[in-house]
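Topology and contacts: notes
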Amino acid sequence: MRLFAATSIAALAAASVALASGSHLITPTSIGMGKLSQSRSAYKAAYGKPKSHDALEGGLVRFNYPGRVAVYFKTGKNSGRYIVVTSKAYKTAESVGPCSTAAAVKAAYPAAVKVSLAGGEYTYRLGRKLWFEIQSGKVAAVALGATKQVAWIASNAVACGS
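None of these values were measured; they are calculated from a predicted model. (Residues numbered from 1 in each chain as written. Predicted model: local features only at pLDDT ≥ 70, side-chain atom pairs only at ≥ 80, totals over all residues. Heavy atoms only, no water.)

This part is about the environment of Gly97. By the element assignment, Gly97 lies in the loop between β7 (80–85) and α3 (102–108). Residue contacts for Gly97: discarding those within four places in its chain leaves Ile26, Tyr90, Lys91, Val139 and Val142. (Helix = DSSP H or I, 4+ residues; strand = E, 2+ residues; numbered from the N terminus. Contact = heavy atoms within 4.5 Å.)

Spelled out as structure tokens, the structure:
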């Protein structure tokens, strides 16, 4: 009976770790449990209660969630337009995320497209919506969004490790 209890506890612990890592997984369509175009209530369920929000230029509102996650909405809309994360807890299945090196991005994703930004900064775009913002040879932020504007937004985020 004790062996069964110990085995059951170990299995539950392993399942908890697997679930927790999924909540910080970056994919081409999601960051953690958040996806583009979700409602504010869906992001609250995914990331927790926002710590603050800011009105920005260009008609955007940024909601700052615990764990260094920001979701951007068009003013007056209830549909997430961009998601940006700078916490090194978030990683792709290939273990690439904020604070990884640019070389790690290219090694894991050789098909990623390098997109130049102002001031010598650049980003790697994987597919159509996943962006790895590179500053000083490291991933400063990972962003999800359909337009190049998300790369500019990510370049203005507080970089990983800051």
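The structure having been displayed, the exposition proceeds.
Moving on: the confidence of the model for the protein. This prediction gives the protein a mean pLDDT of 87; 86% of its residues lie at or above 70. Contacts for the low-pLDDT stretch residues 1–21, under 50 throughout, to residues beyond four places or in other chains number zero contacts. (pLDDT = per-residue confidence, 0-100.)

A few words now on unusual backbone geometry. Backbone geometry places Ser37, a non-glycine residue, at a positive phi of 70°. With a relative accessible area of 52%, Ser37 lands in the exposed category. Unusually for a residue other than glycine, Arg68 sits at a positive phi of about 60°. Note on placement: Arg68 falls in the loop between β5 (60–65) and β6 (69–74). Here Arg68 falls in the partly exposed class, since its relative accessible area comes to 33%. (Buried < 20%, exposed > 50% of the residue type's maximum accessible area, 1.4 Å probe, protein only.)

Turning to the sheet that holds strand β11 (residues 138–144), a few remarks are in order. One open sheet holds the eight strands; their spatial order is β4-β5-β6-β7-β11-β10-β9-β8, and the pairing between them is antiparallel. The sheet is open, and its two borders are formed by β4 (52–56) and β8 (113–116), each paired with just one other strand. When the angles between neighbouring strand axes are averaged without regard to direction, this sheet yields 25°. Bridge analysis of β6 against β7 gives five bridges, and the strand direction is antiparallel. Opposite Phe73, over in β7, you have Gly80 as the bridge partner. (Pairing = 2+ DSSP bridges. Axes fitted to C-alpha atoms, helices over the stretch in contact; angles between N-to-C directions.)

Turning next to the packing of aromatic side chains. Under the criterion given, the structure shown has seven aromatic pairs. Between the aromatic rings of Tyr47 and Tyr65, the centroid separation amounts to 5.6 Å while the plane-to-plane angle is 55°, which identifies the pairing as tilted. Highlighted residues: Tyr47 in helix α2 (residues 40–47) and Tyr65 in strand β5, separated in sequence by 18 residues. A single burial state applies to Tyr47 and to Tyr65, both of which are buried. An angle of 80° between the planes, with centres 5.4 Å apart, marks the rings of Phe63 and Phe73 as edge-to-face. Taken together, the positions of Phe63 in strand β5 and Phe73 in strand β6 put the pair 10 residues apart, joining distant regions of the chain. The exposure class assigned to Phe63 is buried, which follows from its relative accessible area of 13%. Ring pairing ties together the aromatic residues Tyr43, Tyr47, Phe63, Tyr65 and Phe73, which thus form one cluster. Seen from the ring of Phe73, Arg40 lies directly overhead, with NZ or CZ sitting 4.6 Å from the centre. (Phe/Tyr/Trp six-rings, centres within 6.5 Å; stacked < 30°, edge-to-face > 60°. Lys NZ or Arg CZ within 6 Å of the ring centre and 35° of its normal.)

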